[in-house]
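Below are the chains, spelled out letter by letter.
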There are 2 protein chains.
Amino acid sequence: MLEVTLLGTGGMLPLKNRWLTSCLLSCEGHSILVDCGEGTQIALKNTNCKMKPIDLICITHFHADHISGLPGFLLSMGNEGREAPVTIAGPKGIEMIVKSICVIAPNLPFELKFQELSDNTKLKSNDLEVTAFKGEHSVECLGYSFDLPRKGRFNAVKAKALNLPVSIWSVLQREGQIRYDNKLYTYDMVSDGERNGVKVTYCTDSRPIKNIVKHAKNSDLFICEGLYYSADKIGRAIKTGHMLYSEAAEIAKKSDVKRLWLTHYSPAVTDPEEGLSVAKSVFEQTECGYDGKQLDLIFVN
Amino acid sequence: MLEVTLLGTGGMLPLKNRWLTSCLLSCEGHSILVDCGEGTQIALKNTNCKMKPIDLICITHFHADHISGLPGFLLSMGNEGREAPVTIAGPKGIEMIVKSICVIAPNLPFELKFQELSDNTKLKSNDLEVTAFKGEHSVECLGYSFDLPRKGRFNAVKAKALNLPVSIWSVLQREGQIRYDNKLYTYDMVSDGERNGVKVTYCTDSRPIKNIVKHAKNSDLFICEGLYYSADKIGRAIKTGHMLYSEAAEIAKKSDVKRLWLTHYSPAVTDPEEGLSVAKSVFEQTECGYDGKQLDLIFVN
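On a predicted model such as this, the values are computed, not experimentally measured, just so you know.

Enquirer: Go over helix H4 (residues 94-101) of chain A with me, naming the residues and quoting the values.
Expert: Structural remark: α-helix, 3.6 residues per turn; residues separated by three or four positions point the same way. The complete set of buried residues in H4 of chain A reads Ile-94, Ile-97, Val-98, Ser-100 and Ile-101 of chain A. In an axial view of H4 of chain A, the angular spread of the buried residues amounts to 160 degrees, which keeps them on one side of the axis. In H4 of chain A, those exposed residues whose orientation departs by more than 90 degrees from the buried face are Met-96 and Lys-99 of chain A. Looking at the buried side of H4 of chain A, the elements it contacts are helix H2 (64-67), helix H3 (70-79), strand S5 (86-90) and strand S6 (112-116) of chain A together with helix H4 (94-101) of chain B.

Have a look at this one:
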């Protein structure tokens, strides 16, 4: 199961009633944080989520509203007892930027590792496979897809054909491999092909380009910025490298995603729900994200 | 008149219901901000105060809970239309630290100026005279006194003795000087000695040392940290370079201040008022600070 939580849904400025855009993905006791603007540590405390299990922090880009909360967040992770290394991944320059802003957070009780990403870079974080992809913004900006793969179904006929005794089947399923009669057997030898897993795609800040459609393809959940909903804001969206609700919905439609959550609202958008019908007229399965919105994605047969 | 507002009163960690410790002093359309932890820009929005008139930001020290909100705060000042230079003052290294954390806030629409301070450094910010003084913490840490001086009373006898016509008296009072009959007259030539002004002293984070007593002397308002109120926390206070409510109250008593406001509570102190009686038994005019607490200090004859 993959649990997705929107910690904040605001763009540009933290507001009294809306935290800056960030998201937490949790699976089997491990978590990934996407972006960390000012106040993200408080936003997280407002949910049922925990800091300590965060192994990977994916940064979309280096604008302050997406990264300025990092020094305080890391210090608080230390206070919560984190000791294992934490990887911070992001666009080119991630290590220099993070080290620069963390000059006020020396002596963390855990190691920071860095991973520079570009278009189509893949990395693995526990059970999740992460793919970075390029968006189009005023600075280099990455979106992320998170895949939780699902193993194929166990096939008893194949196991019997290999003369494996029933007593070791469960071990082979659980461990993924077993040595028997001086030979190594792996799970793929006793199972059918891989089944559909679960996929989440996350994209802020960007204009609606084809590369997003490609990477969001068939996602169970597509989380995408909608800075404005009024069509008359298109000039501003183009100028600042953002998108409208309707543009996010167009991507959702073209990508055949199961559902779209909007996020990263302009401070000028006081009630995000007001523009929802515009997006739904393009892609019916659109919902407005809000701080604390949560979903458990489970495997479907 | 000097308006003092506590923007936040929390120490170490920003909490859901308590912003990190910072303070705004406003006088005649100009303001000074003391410290800027994560979320200070939101804390300010919760009050009736404005960002744009802030000419000086005084940083006490470089621990994240006192400075990590600066990049976002400065960006928001730019969004609010600030164009005049802003001075950032603090301990040795202030320019390097601020430039480092502001790598994510490039292209501000106003100039940043820096002023490195040490014990007893004085600077002027519009009508206010600022004096930095050293505390005793785990890193170099400064407290600040803010003086709003008050001119002496106009003395008509002196003005008449100088043969100055009544028609120019008000100009001389307003402008502070006037050229008449080819001679320069200054206000001190036509006034009695300077009267008591208004003084505010601010101190976090520090152990209770004599230097604070010296600088807080006769303050109308002394704002001081009280990380804990329980006497059994004294070991922890000493170890981390902080003080108890009772120690802040002792300084207030020795300095003959008019009133003490406590601030910078530990996250473990859920109700600061619970410990107030302890402080009041030492110094009766003690009050617990809280986010948004405000006071107008006026000249008293």
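Enquirer: Lay out the interface of chain B and chain A in plain terms, naming residues and giving numbers.
Expert: Taken together, the contacts link 27 residues of chain B with 27 residues of chain A. Carbon and sulfur atoms supply 65% of the area buried between chain B and chain A, which totals about 2200 Å² over both sides. Linking chain B with chain A are zero salt bridges. Joining chain B to chain A, the criterion identifies nine residue pairs in polar contact (both at pLDDT 80 or more). Of all the secondary structure elements, the ones that give two or more residues to the side of chain B that touches chain A are helix H1 (40-45), helix H2 (64-67), helix H3 (70-79) and H4 of chain B. Its residues placed into classes, the side of chain B that touches chain A shows 13 nonpolar, 11 polar and three charged.

Enquirer: Give me the lowdown on the relation of the copies chain B and chain A, citing residues and values where you can.
Expert: Least-squares fitting of chain B to chain A yields an RMSD of 0.1 Å, with the superposition described by an axial translation of 0.0 Å and a rotation of 180 degrees. Between the two chains, the operation in question is that of a two-fold axis. Scanning chain B for the C-alpha nearest the rotation axis identifies Ile-101 of chain B, at a separation of 2.1 Å. A share of 100% of interface residues in chain B that are also interface residues in chain A marks the association as one of identical surfaces.

Enquirer: I'd like to hear about the side chain of Asn-155 of chain A, residue by residue, with values.
Expert: All names here are of chain A. Checked against the element boundaries, Asn-155 lands in the loop between strand S9 (142-150) and helix H5 (156-161). Note on Asn-155: relative accessible area 17%, which makes it buried. Among residues more than four places away in sequence, those in contact with Asn-155 are Val-190, Ser-191 and Asp-192.

Conventions we followed
- Residues numbered from 1 in each chain as written.
- Chains lettered and ligands numbered in written order.
- Predicted model: local features only at pLDDT ≥ 70, side-chain atom pairs only at ≥ 80, totals over all residues.
- Heavy atoms only, no water.
- Buried < 20%, exposed > 50% of the residue type's maximum accessible area, 1.4 Å probe, protein only.
- Helix = DSSP H or I, 4+ residues; strand = E, 2+ residues; numbered from the N terminus.
- Arc of directions from axis to C-beta.
- Contact = heavy atoms within 4.5 Å.
- Buried area = accessible area lost by both parts, 1.4 Å probe.
- Salt bridge = Lys/Arg side-chain N within 4 Å of Asp/Glu carboxyl O.
- Polar contact = N/O pair within 3.5 Å; in protein donor to acceptor, adjacent residues only side chain to side chain.
- Nonpolar A, V, L, I, M, F, W, Y, C, P; charged D, E, K, R; others polar.
- Least-squares fit on C-alpha atoms with pLDDT ≥ 70 in both.

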